[in-house]
There are 2 protein chains.
Amino acid sequence: MISVVIIGGGNVAYHLINVFLNTKKITIKQIYNRDIQKIKHFKNKTSITSNIESLVNADIYIIAVSDDAISTVSSKILNKNALIVHTSGSVAMQNLKTIGRKGVFYPLQSFSKHKPVDFKDVPFCLEAEQQTDLDLLKQLATSISPKVYDINSEQRRQLHVAAVFVNNFVNHMYKIGYDLCKDYNVPFDVLVPLIRETSKKVVSLTPDEAQTGPAKRNDVKTIKNHLDLLTEKQQEIYNLITKSIQNG
Amino acid sequence: MISVVIIGGGNVAYHLINVFLNTKKITIKQIYNRDIQKIKHFKNKTSITSNIESLVNADIYIIAVSDDAISTVSSKILNKNALIVHTSGSVAMQNLKTIGRKGVFYPLQSFSKHKPVDFKDVPFCLEAEQQTDLDLLKQLATSISPKVYDINSEQRRQLHVAAVFVNNFVNHMYKIGYDLCKDYNVPFDVLVPLIRETSKKVVSLTPDEAQTGPAKRNDVKTIKNHLDLLTEKQQEIYNLITKSIQNG
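Here the structure is a predicted model, which is why all the values come from computation and not from measurement.

Definitions and limits used
Residues numbered from 1 in each chain as written. Chains lettered and ligands numbered in written order. Predicted model: local features only at pLDDT ≥ 70, side-chain atom pairs only at ≥ 80, totals over all residues. Heavy atoms only, no water. Buried < 20%, exposed > 50% of the residue type's maximum accessible area, 1.4 Å probe, protein only. Helix = DSSP H or I, 4+ residues; strand = E, 2+ residues; numbered from the N terminus. Right-handed = clockwise from strand over helix to strand, strands pointing away. Pairing = 2+ DSSP bridges. Least-squares fit on C-alpha atoms with pLDDT ≥ 70 in both. Contact = heavy atoms within 4.5 Å. Polar contact = N/O pair within 3.5 Å; in protein donor to acceptor, adjacent residues only side chain to side chain. 1 Å grid on protein atoms, 1.4 Å probe; cavity = no way out; pocket = protein on both sides within 12 Å on 5 of 7 lines; lining within 4 Å. Points joined across faces, edges and corners; volume = space filled by probe spheres on them. Nonpolar A, V, L, I, M, F, W, Y, C, P; charged D, E, K, R; others polar. Axes fitted to C-alpha atoms, helices over the stretch in contact; angles between N-to-C directions. Buried area = accessible area lost by both parts, 1.4 Å probe. Salt bridge = Lys/Arg side-chain N within 4 Å of Asp/Glu carboxyl O. Parallel < 35°, antiparallel > 145°, perpendicular 65-115°, else oblique. Left-handed = near helix turned anticlockwise from the far one by under 90°.

**Student:** I'm lost on the pairing of strand β2 (residues 26–32) of chain A in this one. Help?
**Tutor:** All names here are of chain A. Most of β2 sits out of view: five of its seven residues are buried. Read as a crossover between parallel neighbours, the route from strand β1 (residues 2–7) over helix α1 (residues 11–21) to β2 is right-handed. Of the pairings in the sheet, the one linking β2 to strand β3 (residues 47–49) comprises three bridges and is parallel in character. Along β3, the bridge assignment pairs Gln 30 with Ser 47.

Quick look at the structure:
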């Protein structure tokens with residue numbers, strides 16, 4: 001049995017609390033949040049507090065607060081014997097200012113408050129200073145997900161920027177597609193199967209192998225026709241990405 | 001029973017032939033391709049020819065050749081009583097130079113030669129000059145897919161450029177993510193669940209509602225950290241898309 005204290009009241013904290021409450025091998029000893037209102041719906045399930053000085057003992061303290069608050073919050077956890085981890089993709093492990101042992105427990109997925117999370121499909125990127133702590137984090141992670149990876153702070157930083165490209169920037173490409181459809185009363189649904197297929201292809205092919213289209217085959221005529229349909233800002237993006245595809 | 005002649009030996013022709021051969025309501029009367037080698041594996045299933053002057057009669061002639069060849073090929077089909085359609089996303093219906101009736105039968109999906117196609121998930125964008133021809137195309141399309149749309153040439157042109165954004169450009173975002181991972185020996189697999197989730201989200205939310213990340217919340221510090229990790233070319237793309245997200 002691993003005992004944890006969860007620190008934070010945002011999306012990541014919320015979903016971790018829910019999955020841990022339903023996992024036999026894990027006990028949530030306490031939940032802390034500055035604003036008690038945000039965690040009060042858990043008060044019948046475990047102890048909750050808004051006083052960081054009254055944290056109870058646990059094997060692992062999981063800090064799931066905004067990136068900027070991680071250092072400060074970590075410095076207030078005065079348990080020397082615990083492992084203290086954060087859940088951020090973009091903060092180095094050494095930014096934990098704690099007297100206890102340090103680690104990272106980063107779930108690489110996009111969480112929305114109102115959408116249930118299937119943790120079996122959430123990769124956990126783990127880091128610790130000591131092998132025994134890494135093993136403990138692996139035990140914690142594998143109890144909720146089969147996708148568990150050793151990722152150091154440098155790799156995690158890289159993953160975080162890669163995630164911006166494959167998530168936020170991809171979503172922006174969807175937005176431009178959406179706008180183009182809307183202008184001509186075309187239902188965006190028509191594009192959904194293509195979106196799904198494109199996202200599936202990168203599992204069996206590398207993105208280089210999967211690439212097709214006018215940029216790839218340097219189809220100047222189609223590229224020109226497309227540019228004629230776009231706003232100036234859309235053209236700028238179309239031109240830059242087309243050039244980038246062509247330069248490999 | 002609808003009788004068709006298929007013109008072409010590329011990916012679209014190949015997959016349409018295969019699905020029609022397995023559809024009771026449709027008979028392929030003949031397959032034509034300039035190079036007979038590319039269609040000879042169908043010779044035991046139906047009549048094949050490389051002589052466009054010897055085309056047999058059919059209800060619909062489906063021209064699935066490269067965009068540039070559509071006009072020329074269509075002008076050689078001398079059946080006045082048939083409906084002649086092409087399968088291209090970027091060619092207007094009026095580019096068919098035929099003495100017969102005209103239409104478009106555009107499957108909006110990315111086809112690879114060696115990957116079987118599940119036509120139930122392929123949207124068909126249909127167009128015709130006459131309502132009776134549109135009805136005939138609907139009958140043809142619904143016999144292989146439930147996703148059938150009335151799309152005129154202007155809308156189809158718009159869809160085609162939108163498809164470049166949601167397919168080719170999205171795939172290029174995956175490629176940059178892939179490169180960033182490779183540089184630091186991070187398995188790309190770690191990103192696959194996020195890729196899948198991002199592609200699923202646009203079904204239930206608009207891309208605007210689904211957007212998150214440092215650009216959206218104008219997190220200047222994270223943006224700066226990310227830029228430090230990128231090559232000059234990657235920075236150019238990161239900056240442009242970030243700006244575009246922020247301008248809505």
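Further notes follow.
**Student:** Whenever I open this one, the relation of the copies chain A and chain B confuses me. Can you help?
**Tutor:** Superposition of the two copies of the chain requires a rotation about an axis together with a shift along that axis. Take chain A, turn it by 180°, move it 0.0 Å along the axis, and it overlays chain B with an RMSD of 0.0 Å. Accordingly, the operation relating the two chain copies is best matched by a two-fold axis. Residues of chain A ranked by C-alpha distance from the rotation axis are headed by A:Val170, positioned 2.6 Å from it. Both copies share a contact surface, since 100% of the interface residues of chain A are interface residues in chain B too.

**Student:** Would you mind going over the environment of A:Asn11 with me for this structure?
**Tutor:** All names here are of chain A. Its location among the elements puts Asn 11 in helix α1. Between the C-alpha atom of Asn 11 and that of Ser 110, which follows or precedes it by 99 residues, the distance is 9.5 Å. Apart from the residues within four sequence positions on either side, Asn 11 is in contact with Phe 111, Ser 112 and Lys 113. For Asn 11, the side chain forms a polar contact with the main-chain oxygen of Phe 111, separated by 3.3 Å.

**Student:** Looking at this structure, I do not really get empty space enclosed by the protein. What am I missing?
**Tutor:** To find leftover empty space, a probe the size of one water molecule is rolled over the atoms. Across all of its chains, the model carries one cavity of 30 Å³ or more by this definition. Space inside the largest cavity adds up to approximately 30 Å³. Counting only elements with at least two residues in the lining of the largest cavity, the list comes to α5 (192–204) of chain A together with α4 (153–183) of chain B. In the lining of the largest cavity, the residues fall into one nonpolar, five polar and one charged.

**Student:** Help me understand the sheet that holds strand β6 (residues 101–107) of chain B, please; the structure alone is not making it clear to me.
**Tutor:** Within a sheet, neighbouring strands are paired by backbone hydrogen bonds and run either parallel or antiparallel to one another. Residue and element names in this part refer to chain B. A sheet is described by the order of its strands in space; here eight strands give the open sequence β3-β2-β1-β4-β5-β6-β7-β8, paired in mixed fashion. With one partner strand each, in any of the chains shown, β3 (47–49) and β8 (148–150) form the two edges of the open sheet. If you compare each strand with its neighbour and ignore which way they point, the axes differ by 25° on average. Sitting on the sheet, helix α1 (residues 11–21) touches β1 (2–7), β2 (26–32), β4 (60–63), β6 and β7 (124–128), and the angle it makes with β2 is about 145°. Where helix α3 (residues 131–142) meets the sheet, it contacts β1, β2, β4, β5 (83–86), β6, β7 and β8, and its direction lies at approximately 160° from that of β7.

**Student:** Looking at this structure, how should I read the interface of chain A and chain B?
**Tutor:** A common way to state how big an interface is: give the accessible area lost once the parts meet. Residue-level contacts link 84 residues of chain A with 84 residues of chain B. Summing both partners gives a buried area of about 8200 Å² for chain A against chain B, and 67% of it is carried by carbon and sulfur. The largest contributions to the chain A side of the interface with chain B come from A:Gln158, A:Phe165 and A:Val166, which together make up 8% of the buried area. Here chain A and chain B share eight salt bridges between them. Here A:Lys115 makes a salt bridge to B:Glu197, at a shortest N to O gap of 2.9 Å. Between chain A and chain B we count 29 residue pairs in polar contact (both at pLDDT 80 or more) in total. Those elements that provide at least two residues to the side of chain A that touches chain B are α4 (153–183), α5, α6 (207–210), α7 (220–228) and α8 (232–246) of chain A. Take the side of chain A that touches chain B: its biggest share by element is 27 residues, from α4(A).

**Student:** In this structure, what is going on with the pairing of β1(B)? I would like to understand it.
**Tutor:** Residues and elements named next belong to chain B. Counting buried residues along β1, six of its six residues qualify, which places the element largely inside the surrounding structure. Here β1 shows no split at all, with Ile 2, Val 4 and Ile 6 on one side and Ser 3, Val 5 and Ile 7 on the other all buried. In the sheet, β1 pairs with β4 via four bridges, with the strands oriented parallel. By the bridge assignment for β4, Val 4 is matched with Ile 60.

**Student:** Just checking my understanding: could you explain the pattern of salt bridges for this structure?
**Tutor:** A side chain of one charge can pair with a side chain of the opposite charge when the charged atoms of the two come close. Counted by the stated rule, this structure contains 24 salt bridges over all chains. One salt bridge connects A:Lys147 with A:Asp121, and the closest N-O pair in it is separated by 3.6 Å. Linking A:Lys147 in the loop between α3 (131–142) and β8 (148–150) with A:Asp121 in the loop between β6 (101–107) and β7 (124–128), this pair joins segments that are 26 residues apart in sequence. Taking the relative accessible area as the measure of exposure, A:Lys147 reaches 27% and is therefore partly exposed. Each of A:Asp121, A:Lys147 and B:Arg196 takes part in one network of salt bridges that share partners.

**Student:** Would you explain the environment of B:Arg157 in this entry?
**Tutor:** Examined against the element boundaries, B:Arg157 turns out to sit in helix α4. Sequence separation between B:Arg157 and B:Val203 is 46 residues; the distance between their C-alpha atoms is 23 Å. Once you skip the residues sitting within four places of it in the chain, B:Arg157 turns out to touch A:Leu229 and B:Gly89.

**Student:** Explanation requested: the side chain of A:Arg156 in the structure shown.
**Tutor:** One can find A:Arg156 in helix α4. In contact with A:Arg156, other than residues within four places in its own chain, are A:His86, A:Ser88, A:Gly89, A:Ser90, A:Val91, A:Ala92, A:Met93, A:Val104, A:Tyr106, A:Glu127 and A:Ile151.

**Student:** Mind showing me how you'd approach the packing of α7(A) against α8(A) here?
**Tutor:** Each pair of packed helices gets described by two things: the angle between the helix axes and the distance between those axes. Residue and element names in this part refer to chain A. Relative to each other, α7 and α8 sit at 160°, their axes nearing to 10 Å. In terms of their interaxial angle, α7 and α8 are classed as roughly antiparallel. Where α7 crosses over α8, the two elements pack in a sense that is right-handed. Within the contact between the two elements, α7 uses Ile 223, His 226 and Leu 227 and α8 uses Gln 235, Tyr 238, Asn 239, Thr 242 and Gln 246.

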